[in-house]
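What follows is the residue order along each chain.
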Amino acid sequence: MANGPQGGNLDWHSINWAEAEENVRRLRQRIFKATQEGDLKKVRNLQKLMLRSRSNTLVSVKRVTQQSRGRKTAGIDRERALTPKARARMAVEIDGQTQPWRAKPVKRVYIPKSNGKQRPLGIPVMRDRAIQARVKNALEPEWEARFESRSYGFRPGRGCHDAIQAIFSTAKGKAAKRQWVLDADLAAAFDRIDHYHLLEAVGQFPARELVRQWLKAGVVDDGRFTRTEEGTPQGGVISPLLLNIALHGMEEAAGVRFATRKGKVMWAAKGTPILVRYADDFAVFCTSKEEAETVRSRLAEWLQPRGLRFNEEKTRILHLSDGFDFLGFNIRRHGDSLIITPSRDAVKRVRKRLRSEMQALLGQSITVVLRRLSPIVRGWSAYYRTVVSSRTFSALDSYVWTLTYKWAKRTHPKKSKRWIVNKYFGRLNRSKMNNWVFGDRATGAHLPKFAWTNIRRHQLVRGKSSPDDPALLDYWSQRRQTRTPPPMDKISLTLAARQKGVCPLCGQALIAGAEYEPDSPREWIDWFDAVKKRLHKHHFTYRRHGGSDESKNLRLVHSECHRQHHAGDSDRK
């Protein structure tokens, strides 16, 4: 199963996914370790093995066609793979590919940005996405062993909260010396990466020619083809990794130096700046304004051969007492304390979304209202639960109360205020001393409040730690257990805890499908909404065979695993 192309038919339901994932994980760890040891020849041989791995092909196809948020979005060929049969056919075709693959142009689509403008995305065809995922599993562990410790964007096991916590650790307390900040923004980083420099950085990677093809594949925008002489399509599976490779070395270019103890890097050397980067967003903390200006000049010179430059309108040098926004958070120093809160723009955006949702829900039932609003409340509060958010949460709860009351009043324009309150508001959550919870009093279903989310400081990822490091298995196992829980009912939470977060049918984590932590409030909202659809309560003993609905007879499983388990079974539950 592990290596070598195999033709013929493939039964998607019969694949041992736990074994396939383990094969890929083990190969990634071997590539990581060989890179650490500086054995480049072994690295290249292991990467070739990964590129031939049938397990890698299966896992890659599954991720882009079954787990990815963009699995329903087709490329220029309009092909998707939404059924087990289509996924199996794609895996067999890719695995048995004998001729060199020719990359197809990407389809240009536009999505709205928070500032009202549009962000261009390049959507590859589904087969290119699957092959990119396969190539990425060979290339990424090599670079995971090289990347800087304070690089957090689009890397496994790391996320936006690590970047914010790194900033807090750098600038907190009376003793903080680095209080001048270069708040930097790169102009269209994905669209301007220099191809030659990027391919030089990739070096003699076995699939270098495929990477070159994806960079040069071109774009189809409204039926018109345009060549791509620079940039990597924002929307490609491998593009975030290529961006990180292009920006690798930024810490050294900025003048960051580290103190060592017994040959191990311990902390930033005294008097040197500290750079915290999340993909193309970064902030450099300096001891003086003059140092910040020097860093800006050095980085501008370093970025030029990479085809990149600062966005002069958004890049500035400021004192921490003035405050700045980063990844949706406002970071400001008040006296001797560093206070991090949700940014004003982020609050405005969530208020606007809540308002527009409620306007669109006029005439809908209370069940639909709760289903649409609950993920917004849970996802947004989960994203901001790691900082000083209590006051913001309370203000948003007041705003939601106003919206829900207006919705109820417009739904029942002839009813009195007392009638509306008695129908839609009450102490619906028995564990909370609140008589103004919005929901369905007949069923007890209710809308959670922002303020019910407890504030909990995020635990910063340690140094250069990577999930691909075989020496850190226990460390990453412990971190996964402390991950923010998804929006489950009490029975589901009990089952998940009892199963130690593992699906008993496939042996994989229940909260699967997100290779990286969501990187914005909107993605956290979408993630919380998707979790409900991905999990299913499976009856250990079928109800028609006398099985009960008690928790001891239930198992929490992936919905896809449940369908696979009951494929062709008339007793589906």
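First, a word on scope: everything that follows refers to the structure included in this document. Treat the numbers as computed from the prediction; the structure is a model and nothing was measured.

Observations concerning empty space enclosed by the protein
Gaps left between atoms show up when a probe the size of a water molecule is rolled over them.
Then step 1. Across all of its chains, the model carries 3 cavities of 30 Å³ or more by this definition.
Then step 2. Empty space within the largest cavity amounts to approximately 80 Å³.
Then step 3. Elements supplying a minimum of two residues to the lining of the largest cavity: helix 15 (390-411) and strand 15 (437-438).
Then step 4. Sort the elements by how many residues they give to the lining of the largest cavity and helix 15 lands first, with 4 residues.

A look at the nonpolar core
One broad rule of soluble globular proteins: the nonpolar side chains tend to lie buried together.
Then step 1. With 138 residues, the main nonpolar core has Leu 299 and Trp 380 as its most contacted residues.
Then step 2. In terms of residue count, helix 14 (residues 366-383) provides more of this core than any other element does, 10 residues in total.
Then step 3. A domain-level breakdown of this core finds at least three residues from each of domain 1 (344-452) and domain 2 (472-568).
Then step 4. If sequence neighbours within four positions are ignored, Trp 380 has contacts with Pro 342, Ala 346, Val 347, Val 350, Pro 375, Thr 392, Phe 393, Leu 396, Phe 450, Pro 521 and Ile 525.

Examining a positive patch on the surface
Then step 1. On the surface, Lys 72, Arg 80, Arg 371 and Lys 533 cluster together into a patch of positive charge.
Then step 2. Within the secondary structure, Arg 371 sits in helix 14.

Observations concerning unusual backbone geometry
Then step 1. The backbone phi angle of Ala 188 is positive, close to 45 degrees, even though this residue is not glycine.
Then step 2. Here Ala 188 lies in the loop between strand 3 (180-185) and helix 7 (189-192).
Then step 3. For Ala 188, a relative accessible area of 37% puts it in the partly exposed group.
Then step 4. With phi around 55 degrees, Asp 222 is a residue other than glycine that occupies positive phi space.
Then step 5. Inspection of the secondary structure assignment puts Asp 222 in the loop between strand 4 (219-221) and strand 5 (224-226).

What about the sheet that holds strand 3?
Then step 1. Within the open sheet, the 4 strands sit side by side as 8-9-3-10. Their pairing is antiparallel. Two strands in the sheet have a free side with no partner beyond their single neighbour: strand 8 (274-278) and strand 10 (316-319). Taking each pair of neighbouring strands and ignoring which way they run, the sheet shows an average axis angle of 20 degrees.
Then step 2. Alignment of strand 3 against strand 10, held across 4 bridges, turns out to be antiparallel. In the sheet register, Asp 183 faces strand 10, and the bridge partner there is Arg 316.
Then step 3. The sheet contacts of helix 6 (residues 160-171) involve strand 8 and strand 9 (281-286), and relative to strand 8 the element is tilted by about 165 degrees.
Then step 4. Helix 12 (residues 289-303) contacts strand 3, strand 8, strand 9 and strand 10 of the sheet and is inclined by roughly 140 degrees relative to strand 9.

Some remarks on the sheet that holds strand 12 (residues 329-334)
Then step 1. Judged by pairing direction, the sheet is antiparallel, and its 3 strands sit side by side in the order 11-12-13 without closing on themselves. Each edge of the sheet is formed by a strand with only one pairing partner; in this case those strands are strand 11 (324-326) and strand 13 (337-342). Put simply, the sheet's adjacent strands are angled 30 degrees from each other on average, direction ignored.
Then step 2. Examined bridge by bridge, strand 11 and strand 12 share 3 bridges and lie antiparallel to one another. Along strand 12, the bridge assignment pairs Phe 326 with Phe 329.

Thresholds, definitions, all that
- Residues numbered from 1 in each chain as written.
- Predicted model: local features only at pLDDT ≥ 70, side-chain atom pairs only at ≥ 80, totals over all residues.
- Heavy atoms only, no water.
- 1 Å grid on protein atoms, 1.4 Å probe; cavity = no way out; pocket = protein on both sides within 12 Å on 5 of 7 lines; lining within 4 Å.
- Points joined across faces, edges and corners; volume = space filled by probe spheres on them.
- Helix = DSSP H or I, 4+ residues; strand = E, 2+ residues; numbered from the N terminus.
- Core = buried A, V, L, I, M, F, W, Y, C linked by side-chain atoms within 4.5 Å.
- Buried < 20%, exposed > 50% of the residue type's maximum accessible area, 1.4 Å probe, protein only.
- Domains from an automatic or database assignment.
- Contact = heavy atoms within 4.5 Å.
- Patch = residues over 30% accessible without salt bridge, like charges linked within 9 Å, V, L, I, M, F, W, Y side chains within 5 Å.
- Areas by Shrake-Rupley, 256 points an atom, 1.4 Å probe, with all protein chains shown as cover.
- Salt bridge = Lys/Arg side-chain N within 4 Å of Asp/Glu carboxyl O.
- Lys, Arg positive; Asp, Glu negative; His and termini not counted.
- Charge placed at Lys NZ, Arg CZ, Asp CG, Glu CD.
- Pairing = 2+ DSSP bridges.
- Axes fitted to C-alpha atoms, helices over the stretch in contact; angles between N-to-C directions.

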